[in-house]
Amino acid sequence: MTKTMPSKLPAVFLLALTFLLLGGGAVLALQTQAPANDDQVWKEFITWFKTAPAGGDPFRLYGEELAKQGLTKEEIGRRFGVITRLFATRPEGAEVFYDRTFSRPALTGRPEVDGFASGPSEFLVGAVKEVRPGRALDLGMGQGRNAVALATKGWTVTGVDVSGEAVAAAARNADKAGVKIKGIKSDYASFDFGRESWDLVAMIFAWAPIDEPAFVERVRACLKPGGLVVLENFVSTPERPRPPMVRALPPGGTRAAFAGFEIVSYEELTGTGDWGGPDSDLVRMVARKR
Ligand SMILES: C[S@@+](CC[C@H](N)C(=O)[O-])C[C@H]1O[C@@H](n2cnc3c(N)ncnc32)[C@H](O)[C@@H]1O
């Protein structure tokens, strides 16, 4: 037995080598040449994104990284097409993106430096000024600028966000302001909105899928009768389209999406957004559940 083992081992290696050099090798070679499928493209991007160097535009940096790997311009363009498309439907993208945004050590609280506002939305605060405080749901609450403002005015606030860094920042900001909010780390699809539970649903640049009637119906169902939706987002125009993940609808699209509601106020304008800065195409809507 002990004598036959050594002579069998090389035979096994030989077989493996033959496999690699002939059939198996060919299969491996084919695999490295085959274009990455959507899942591979997404996985590679997310893996890179999680540890992407701080500062700079991560998408530009990723493009440079792919070029360094020797990918052609066409293949890089194709991969960005896949990434952009999947970003809209895979909340993991928003999670990684906003974890990065809200954990930036250099955040100053100044919109012109950070690129977004840390103070409450004037539109939201104005919209609920005359409303008796009740239970508010802040979808995509980010660092809690609006959740904290509502809580300060006496609202009982639950904020939902897929980014753990956002939820943590919101908790810190609530502590600083001396108010209580409930923060839940969840994506919209997994969160139970409840039924007739809320007096207010705030969606301020929430990247919420309002283009999906089923989502709007969940919002409607979770509101108490007479409850309000206060929404601000970008408008996507042919001249200035927004990427799909932002869920910006074309002019008139947001009003149409909420057709089942009483529209209390509706404005589309070009102005300074709390996100997006000056010269942004914006929509501001207050809608009431009938
Ligand atoms: C542009 S920020 C706005 C934050 C906040 N509403 C504000 O106005 O400052 C969008 C927020 O929505 C969250 N978000 C995006 N997609 C989400 C999803 N599918 N589920 C839950 N939160 C999401 C992000 O993590 C991010 O904090």
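Residues numbered from 1 in each chain as written. Predicted model: local features only at pLDDT ≥ 70, side-chain atom pairs only at ≥ 80, totals over all residues. Heavy atoms only, no water.

Chemist: Would you mind going over the overall build of the protein with me for this structure?
Modeler: For the protein, the helix and strand inventory stands at 12 helices and seven strands. Taken over 290 residues, the protein has a buried fraction of 44%. Once local pairs closer than 6 in sequence are excluded, the contacts in the protein between residues at least 24 apart make up 64%. (Helix = DSSP H or I, 4+ residues; strand = E, 2+ residues; numbered from the N terminus. Buried < 20%, exposed > 50% of the residue type's maximum accessible area, 1.4 Å probe, protein only. Contact = heavy atoms within 4.5 Å.)

Chemist: Could you clarify how one ought to interpret the site of the ligand in this entry?
Modeler: What surrounds the ligand is a group of 19 residues, the closest being Tyr 98, Gly 140, Arg 145, Asp 161 and Ile 204. One of the backbone N or O atoms of Tyr 188 is found 3.0 Å from a nitrogen atom in the ligand. At a separation of 2.7 Å, a nitrogen atom of the ligand approaches a polar backbone atom of Ile 204. Across the complex, the protein chains shield 96% of the 590 Å² of accessible surface that the ligand would expose by itself. Only α6 (91–102) and α9 (145–152) provide two or more residues apiece to the shell around the ligand. In terms of residues, the shell around the ligand owes the most to one element, α6, which gives three residues. (Near = heavy atom within 4 Å. Polar contact = N/O pair within 3.5 Å; in protein donor to acceptor, adjacent residues only side chain to side chain. Areas by Shrake-Rupley, 256 points an atom, 1.4 Å probe, with all protein chains shown as cover.)

Chemist: Explain empty space enclosed by the protein here, please?
Modeler: It is the rolling of a water-molecule-sized probe over the atoms that shows where space remains empty. For the structure on display, the rule yields one cavity of 30 Å³ or more. Quantified by volume, the largest cavity comes out at close to 50 Å³. Forming the boundary of the largest cavity are Met 203, Phe 205, Ala 206, Trp 207, Ala 208, Ile 210, Leu 231, Glu 232 and Asn 233. Top element by residues in the lining of the largest cavity is strand β5 (residues 223–234). It accounts for three residues. The residue makeup of the lining of the largest cavity, split by class, is seven nonpolar, one polar and one charged. (1 Å grid on protein atoms, 1.4 Å probe; cavity = no way out; pocket = protein on both sides within 12 Å on 5 of 7 lines; lining within 4 Å. Points joined across faces, edges and corners; volume = space filled by probe spheres on them. Nonpolar A, V, L, I, M, F, W, Y, C, P; charged D, E, K, R; others polar.)

Chemist: Sorry if this is basic, but what is going on with the sheet that holds strand β3 (residues 182–185) here?
Modeler: Hydrogen bonding along the main chain pairs the strands of a sheet, whether they run parallel or antiparallel. The sheet built from seven strands is open, its strands ordered β3-β2-β1-β4-β5-β7-β6 with mixed pairing. With one partner strand each, in any of the chains shown, β3 and β6 (262–273) form the two edges of the open sheet. Taken pair by pair, the neighbouring strands of this sheet meet at an average axis angle of 15°, ignoring direction. Alignment of β5 against strand β7 (residues 277–288), held across seven bridges, turns out to be antiparallel. Bridging from a neighbouring strand, Phe 234 pairs with Leu 282 of β7. Helix α10 (residues 164–177) rests against β2 (156–161) and β3 of the sheet, and its axis sits at about 170° to β3. (Pairing = 2+ DSSP bridges. Axes fitted to C-alpha atoms, helices over the stretch in contact; angles between N-to-C directions.)

Chemist: How do you make sense of the packing of aromatic side chains when you look at a structure like this?
Modeler: Two aromatic rings, taken as a pair, are described by how far apart their centres are and by the angle between their planes. Overall, the coordinates contain 27 aromatic pairs when judged by the stated rule. Where Phe 87 meets Phe 97, the ring centres are 6.5 Å apart and the plane angle is 85°; that geometry is what we call edge-to-face. Taken as a pair, Phe 87 in helix α5 (residues 73–87) and Phe 97 in helix α6 lie far apart in primary sequence, 10 residues in all. Given a relative accessible area of 4%, Phe 87 falls into the buried group. Phe 97 gets classed as partly exposed once you look at its relative accessible area, which sits at 22%. With a centroid separation of 5.9 Å and 75° between ring planes, the pair formed by Phe 102 and Phe 116 is classed as edge-to-face. On the criterion of sequence distance, the pair formed by Phe 102 in helix α6 and Phe 116 in the loop between α7 (111–114) and α8 (122–127) is long-range, its members being 14 residues apart. A single burial state applies to Phe 102 and to Phe 116, both of which are buried. Across the ring face of Phe 193, the terminal group of Arg 218 is positioned such that the distance to the ring centre comes to 4.2 Å. Here the guanidinium or amino end of Arg 242 rests over the ring plane of Phe 234, the centre of that ring lying 3.8 Å away. (Phe/Tyr/Trp six-rings, centres within 6.5 Å; stacked < 30°, edge-to-face > 60°. Lys NZ or Arg CZ within 6 Å of the ring centre and 35° of its normal.)

Chemist: Is there a simple way to explain the nonpolar core in this structure?
Modeler: What tends to happen in soluble globular proteins is that the nonpolar side chains get buried as a cluster. The biggest cluster of nonpolar side chains holds 54 residues, and the ones touching the most others in it are Phe 45, Phe 87, Leu 150, Val 157, Ile 181, Leu 200 and Val 230. When residues of this core are sorted by domain, at least three fall in each of domain 1 (14–87) and domain 2 (111–288). Ignoring anything within four residues of it in the chain, the contact list for Phe 45 reads Phe 59, Tyr 62, Ile 83 and Phe 87. Among the nonpolar cores identified, the runner-up in size contains 27 residues, and Trp 198, Cys 222, Leu 223 and Met 285 belong to it. (Core = buried A, V, L, I, M, F, W, Y, C linked by side-chain atoms within 4.5 Å. Domains from an automatic or database assignment.)

Chemist: Just to check I follow, could you spell out the packing of helix α3 (residues 38–50) against helix α4 (residues 58–68) for this structure?
Modeler: When two helices pack together, you describe them by how their axes are tilted relative to each other and by the distance separating the axes. One way to put it is that α3 packs onto α4 with a least axis distance of 11 Å and a crossing angle of 115°. Like other packed secondary-structure pairs, α3 and α4 cross with a definite hand, here right-handed. Together, Glu 44, Phe 45, Trp 48 and Phe 49 of α3 and Pro 58, Phe 59, Leu 61, Tyr 62 and Glu 65 of α4 make up the contact between the two elements. Residues of the contact of α3 with α4, tallied by class, amount to seven nonpolar, no polar and two charged. (Left-handed = near helix turned anticlockwise from the far one by under 90°.)

Chemist: Looking at this structure, I do not really get α6. What am I missing?
Modeler: Spacing of three or four residues puts side chains on the same side of an α-helix, whose turn is 3.6 residues. With 12 residues, α6 extends 16 Å between its outermost C-alpha atoms, agreeing within 8% with the 16 Å of an ideal straight helix rising 1.5 Å per residue. Every buried residue belonging to α6 is among Gly 93, Ala 94, Val 96, Tyr 98, Arg 100, Thr 101 and Phe 102, and all of these are buried. Tucked into the core, α6 has its buried residues touching α3, α4, α5 and α10. (Expected span 1.5 Å × (residues − 1).)

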